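Topology and contacts: notes
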Amino acid sequence: MGQSCVHCGEDCGKNPVIYNEKPFCCHGCKTVFQILNEKELDQYYRIQPMSGIKVENTDIGDKYDYLDNEEILEQLLDFSDGGVSKINLFIPGIHCASCIWLLENLHTLNEGVVHSFVNFPKKTLSITFRNDEVSLRQIVELLASIHYVPEITLDQLDKKEGKNYEKDLLLKIGVAGFSLLNVMLYNFPEYLPGGDLLEDLFIKVFGWMSFILALPVVFYSASDYYMSAFKALKHKMVNIDIPITLGIFTLFVQSSYDIISGNGIGYLDSLVGLVFFLLIGKWYQGRTYQALSFERDYKSYFPVAVTKIVEEKTISIPIKNLNVNDRIIIRNQELIPADAKLLKGNANIDYSFVTGESMPINKKEGEIIFAGGRQVGSSIEMEVIKTVEQSYLTQLWNQDTNKKDTSTRLNSLINKISEYFTVIILLIGFSAGIYWLIYDSTLAIYAFTSVLIIACPCALALTVPFTFGSTLRAFGRNGFYLKNVDIIEHLYKINNIVFDKTGTLTINSKVKTRFIGSELTLNEQRIIKSVCAHSSHPLSVAIFNSIDIDDLIEIDDFKEIPSLGISAIVEGKKVNIGSRKFVSGKNETETKATNVFVFIDDKILGHYTLGNIYREGLQEVIHGFAKDKKLYLLSGDNDSERKNLEKYFGTETTMLFNQSPTDKKEFIKKIKEDKNNHVLMIGDGLNDAGALMESEVGLTVADDIFSFSPACEGIIESSKFGKLYNFINFSKISMRVVRASFVISFLYNLIGLFFAVQGILSPIIAAILMPVSSISVVAFATFSINYFSKRKI
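Residues numbered from 1 in each chain as written. Predicted model: local features only at pLDDT ≥ 70, side-chain atom pairs only at ≥ 80, totals over all residues. Heavy atoms only, no water.

Take the overall build of the protein chain next. Each helix and strand in the protein chain was counted, giving 28 helices and 28 strands. Counting over 793 residues, the protein chain shows a buried share of 52%. In the protein chain, once contacts between residues fewer than 6 apart in sequence are set aside, the share between residues at least 24 apart is 68%. About 36800 Å² of surface is accessible on the protein chain, with carbon and sulfur atoms providing 55% of the total. (Helix = DSSP H or I, 4+ residues; strand = E, 2+ residues; numbered from the N terminus. Buried < 20%, exposed > 50% of the residue type's maximum accessible area, 1.4 Å probe, protein only. Contact = heavy atoms within 4.5 Å. Areas by Shrake-Rupley, 256 points an atom, 1.4 Å probe, with all protein chains shown as cover.)

Look at D557: it is not a glycine, yet its phi comes out positive at around 55 degrees. Assignment of secondary structure puts D557 in strand β19 (residues 556-561). The phi dihedral of D602 falls on the positive side, at around 65 degrees, and the residue is not glycine. Structurally, D602 is set in the loop between β22 (594-600) and β23 (604-611). Look at D602 and you get exposed, because its relative accessible area is 68%.

Okay, the pairing of strand β15 (residues 380-384) next. Along any regular strand the residues' side chains alternate between the sheet's two faces. Within β15, four of the five residues are buried, which leaves the element mostly enclosed by the surrounding structure. As paired elements, strand β9 (residues 327-330) and β15 share four bridges and run antiparallel to each other. By the bridge assignment, R327 is partnered in β15 with E383. (Pairing = 2+ DSSP bridges.)

Bringing the sheet that holds strand β6 (residues 124-130) into the picture now. With antiparallel pairing, four strands are arranged side by side in an open sheet as β3-β4-β6-β5. Either end of the sheet is taken by a strand with one partner, and the two such strands are β3 (79-81) and β5 (113-119). If you compare each strand with its neighbour and ignore which way they point, the axes differ by 15 degrees on average. Two elements, β3 and strand β4 (residues 84-90), share three bridges in a ladder whose sense is antiparallel. Opposite D81, over in β4, you have V84 as the bridge partner. The strands touched by helix α6 (residues 136-145) within the sheet are β4, β5 and β6, with β6 carrying the most contacts at an inclination of about 135 degrees. (Axes fitted to C-alpha atoms, helices over the stretch in contact; angles between N-to-C directions.)

Here we take up the side chain of S223. Relative to the elements of secondary structure, S223 occurs in helix α11 (residues 223-234). Owing to a relative accessible area of 19%, S223 belongs among the buried residues under this scheme. One polar contact links S223 to K172, side chain to side chain, over a distance of 3.3 Å. (Polar contact = N/O pair within 3.5 Å; in protein donor to acceptor, adjacent residues only side chain to side chain.)

Bringing the nonpolar core into the picture now. Grouped together as the largest cluster of nonpolar side chains are 49 residues, with contacts concentrated most on I248, L268, L271, V275, L279 and I425. When residues no more than four places from it in sequence are discounted, the contact partners of L271 are V218, I248, L251 and F252. Counting 45 residues, the second-largest nonpolar core is a separate cluster that includes L482, I488, L631 and A781. (Core = buried A, V, L, I, M, F, W, Y, C linked by side-chain atoms within 4.5 Å.)

Turning our attention to the packing of helix α19 (residues 486-493) against helix α27 (residues 724-756). Relative to each other, α19 and α27 sit at 110 degrees, their axes nearing to 8 Å. The angle between α19 and α27 places the two elements in the roughly perpendicular class. By crossing handedness, the relation of α19 to α27 is classed as left-handed. Between α19, through I488, E489, L491 and Y492, and α27, the contact on the second element is made entirely by I728, S731, K732, S734, M735 and R739. Partitioning the contact of α19 with α27 into residue classes produces five nonpolar, two polar and three charged. (Parallel < 35°, antiparallel > 145°, perpendicular 65-115°, else oblique. Left-handed = near helix turned anticlockwise from the far one by under 90°. Nonpolar A, V, L, I, M, F, W, Y, C, P; charged D, E, K, R; others polar.)

Turning next to the packing of helix α12 (residues 241-261) against helix α17 (residues 441-454). One can describe the packing of α12 onto α17 by two numbers: an axis separation of 8 Å at closest approach and a directional angle of 155 degrees. Regarding the angle of α12 to α17, the classification is roughly antiparallel. Note that α12 runs across α17; the crossing there is left-handed. Residue-level inspection shows P243, L246, G247, T250, L251 and Q254 of α12 in contact with α17, the latter providing I445, F448, T449 and L452. Here the residues of the contact of α12 with α17 are counted per class, giving six nonpolar, four polar and no charged.

This part takes up the sheet that holds β19. Spatial ordering of the open sheet is given by β18-β23-β22-β21-β20-β19, a layout of six strands whose pairing is antiparallel. Each end of this open sheet is capped by a strand with a single partner; those strands are β18 (512-517) and β19. In this sheet, adjacent strand axes meet at a mean angle of 15 degrees when their direction is disregarded. As paired elements, β19 and strand β20 (residues 565-570) share four bridges and run antiparallel to each other. In the sheet register, I561 faces β20, and the bridge partner there is G565. Helix α20 (residues 522-532) rests against β19, β20, β21 (573-578), β22 and β23 of the sheet, and its axis sits at about 65 degrees to β21. Helix α21 (residues 538-546) contacts β18, β20, β22 and β23 of the sheet and is inclined by roughly 100 degrees relative to β23.

One pass over the structure, following the stated rule, counts 15 salt bridges. The partner of K172 in a salt bridge is D168, and the shortest N-O contact between them spans 3.3 Å. Taken together, the residues K172 and D168, both in helix α8 (residues 163-186) and four residues apart, mark about one turn of the helix. Since its relative accessible area comes to 3%, K172 is described here as buried. Notably, a salt bridge pairs D551 with R526, separated by 3.1 Å at the nearest N-O pair. Residue D551 is located in the loop between α21 and β19, and its partner R526 is located in helix α20; the two are separated by 25 residues in the primary sequence. (Salt bridge = Lys/Arg side-chain N within 4 Å of Asp/Glu carboxyl O.)

It is worth spelling out the packing of aromatic side chains at this point. All told, the structure shown has 21 aromatic pairs when counted by the stated rule. Relative to F730, the ring of F475 lies with its centre 5.9 Å away and its plane at 65 degrees, an arrangement referred to as edge-to-face. Placement of F475 in helix α18 (residues 458-477) and of F730 in helix α27 is noted, with a sequence separation of 255 residues between them. Judged by centre distance (5.4 Å) and plane angle (55 degrees), the rings of Y614 and Y648 are tilted. (Phe/Tyr/Trp six-rings, centres within 6.5 Å; stacked < 30°, edge-to-face > 60°.)

Here the focus is a negative patch on the surface. A contiguous patch of negative charge, built from E365, E554, D556 and D557, is present on the exposed surface. Judged by its relative accessible area of 45%, D557 falls in the partly exposed class. (Patch = residues over 30% accessible without salt bridge, like charges linked within 9 Å, V, L, I, M, F, W, Y side chains within 5 Å. Lys, Arg positive; Asp, Glu negative; His and termini not counted. Charge placed at Lys NZ, Arg CZ, Asp CG, Glu CD.)

Laid out in structure tokens, this is it:
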């Protein structure tokens, strides 16, 4: 054999293409290698040597001209506004860690690419790019030039991707099922006493008929296993489909030999049954994953509510009840839940949640604003033009835009076990086959194929997603929502908890307010309420609710400065509402209350005194956490509530007051300097965004408007706050279920191998037991989590 191509690993033949003293099988592979090296992306080859795909044709020409068509672009793009667009592309060529690394570094190949993210199981690439620097056509041509050719089809334009694969799988199951029934019928005499007395002519006829029916099963129904095994071997990898492929071909070759030589009818019933039950198991796993995904995307899993205008009054409704033509109010820092038209107000939309670009885009009345944007400034009124897609919003929340380390030890362990599992099974299978070939050749084929088929890491691989997936659903049903399954393992490791005070420990809607200063006129109260109406901060909400006036005034130039206050121009007058320092420029004085000062038209009118009412269940939550975790309290307010807080936290808990958002972030960073510290931050999405992002896990408490921050990993409904300790503690139960599932999976494989190596287990029984192991682990995990969640949450 000649030299292997540095890029794709193919044989270079007698006359390799040489570049930099390295051999390539063709000029296409050399060109890709050249591009990657010029852009200093040669790490692609260090992650996994020879990981590229053979470039069959580098002549792109005008193949992608149609991507310049505006009508087609509108159908393909998921988002396009403010000079930034976003698209999801299906790329079947994604196959290894090198592919992921390269595709997530597309910005190095073209600076017009802002962000790219690979979903490896779905083989999709999400790309955010600047329209004025690169077009979609140029991006697709770039991908094609490095031979990651996207599939852009009419199905994708109609948003029907994913359907063809399931249809193809069901067809393969149908073919295998039809053949199995008939092959078993032809082999029926073999199962009965005296079957060996059947005339030779019948045996031969039944054998050949079974052989003909087995051909479409072997070469069509089982083809996915061969393709997967071939790709793995091509890239010098070992996966679970290799022993399955060996088992299928061993049974087929032996059975073909028996039938052709006239020695019997072989093992075609076992072979066809094996493929049928493998496909059934594959279909079951796929459907179960879809069920988990469906519940996550659509069944009220994503907790966002919105303020709707009904007969000139405002009410809060879940976004699932939002319909086309509904009028909604979006306040400062609130998320836009559906594509909508701007009716009134000054819209400055921050699309960083969607695109990663944080520069707000100004919108005029009548313009369309996409879902996922966040209003910066005063409230705006909008009309919904497209129904809400919870899956789209969930997808946005799941994007790793804040670049936290979400890797988990469990996933690393499973990947390591799976890596060696197949190699060990192959060794055991060959050893058993050789042993019985020497001592009893009639058992050799059963021993070899049964070992290859029955031992499977699938049950092991399914343990974590199904245990944690069931936990996620149990949490969701009880008002606690997590970003993804990996967060549960991070919650399990938490040993430091940092609390914010206002809006986290206190109840916004029940804050006692009293104004101290000159008596406010009706118009001054109206001005204060009109400005507070544009803010979702707990203190602004409390003041807004305390003023009993219905008609509000339009305001201009609204601004909200975290931890300081809000300002606006109303009827030509400058209005500042916030801390003493924000309003007067003077530092806070010693006080026993939370004060919010009011400045209107060059005059400080006085201040609101707010008395806090703490959330129900706070005592139990703090008492539970204090058993094995270190607690901290960080507040942007003064220390007027210290004595009340000490009743809950005790005197030894670190409490810091007058903390800015930067102070909170730096405090958490300091705790994390000790690598053994794992920090959970519980706060609000606006003032605590930096601290939430800095912590290992960030949680927000959601009151009337279920707003959230892209920085947080979880949201808890305010009414469920008293169960917070139960939720966090339940992660320990989830980990115990994972460990128990691991034991079940290992025991299953050990017991299965014990019988398989003895040659007393037929391949068809092994094929039935293989998916049964996965089903049993899924059933155990689901039942256990459901059982314990009803008793512990």
